[in-house]
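Observations on the three-dimensional arrangement
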Amino acid sequence: IDALVFQKDVDGRYTYVNPAFCRLLQRREEEILGCDDAGLLPLASARAIAASDRRILDAGEPWQRHAEKLLLPNGEERSYLTTKTPLRDNAGRIIGLQGIATDITEHSSATEALQAEKGRTDELLAEAEHMRQILLSTLEDQQLADIQLRKLSQAVEQSPEAIVITNLKAEI
């Protein structure tokens, strides 16, 4: 299984990790068990995970399908879709939590690229609409000029001796 599967006690120490979890951190299981996130991950990631874990432990409710960014010890940032649930003993008391996290980095990157491309497409469409409006305006101006030219041509044909050409302000 490629997903990360883990269990923690109420203090945030790992009590179980699967082989995919070990591969991700490039550590043996024995090196992870008993550690909390602060001992395994960069501080920013450890704090974010501890905060989400605390919400689950305090509320006693599952935390399903949340996207989390995780900064790994090697500096690489990965995105995970995570589900966490409280672990209870036979008396119903919360004794920890368990979770499963699926790497969605490639999906997230593709989604971000698609959104950026959509933004560029929207900009191009807006620019194309602006150009269309300019062309329509120019076409209308050209049509008006053609009409005026036809009228002038008819006037010249009707009275060739008395033609005075003026501009739009009636100036000669």
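The structure under discussion appears in the preceding block.
The following paragraphs examine the structure supplied in this document. These numbers come from a predicted model, not from an experiment.

Once that is clear, we can look at the overall build of the protein chain. For the protein chain, the count of helices and strands is four helices and five strands. Looking at the 172 residues of the protein chain, the share that counts as buried comes to 25%. Considering only contacts in the protein chain between residues 6 or more positions apart, those separated by 24 or more positions represent 36%. Summing over all exposed atoms, the protein chain offers an accessible surface of approximately 12,200 Å²; the carbon and sulfur share of this is 55%.

Applying the stated criterion across every chain, the model contains three aromatic pairs. The rings of Phe 6, Tyr 14 and Phe 21 are connected pair by pair, giving a single aromatic cluster.

This structure, assessed with the given rule, holds 11 salt bridges. Between Glu 76 and Arg 78 there is a salt bridge; the shortest N-O distance is 2.9 Å. Several salt bridges converge on common partners, so that one network encompasses Lys 8, Asp 37, Asp 53 and Lys 84.

Cut-offs and rules
- Residues numbered from 1 in each chain as written.
- Predicted model: local features only at pLDDT ≥ 70, side-chain atom pairs only at ≥ 80, totals over all residues.
- Heavy atoms only, no water.
- Helix = DSSP H or I, 4+ residues; strand = E, 2+ residues; numbered from the N terminus.
- Buried < 20%, exposed > 50% of the residue type's maximum accessible area, 1.4 Å probe, protein only.
- Contact = heavy atoms within 4.5 Å.
- Areas by Shrake-Rupley, 256 points an atom, 1.4 Å probe, with all protein chains shown as cover.
- Phe/Tyr/Trp six-rings, centres within 6.5 Å; stacked < 30°, edge-to-face > 60°.
- Salt bridge = Lys/Arg side-chain N within 4 Å of Asp/Glu carboxyl O.

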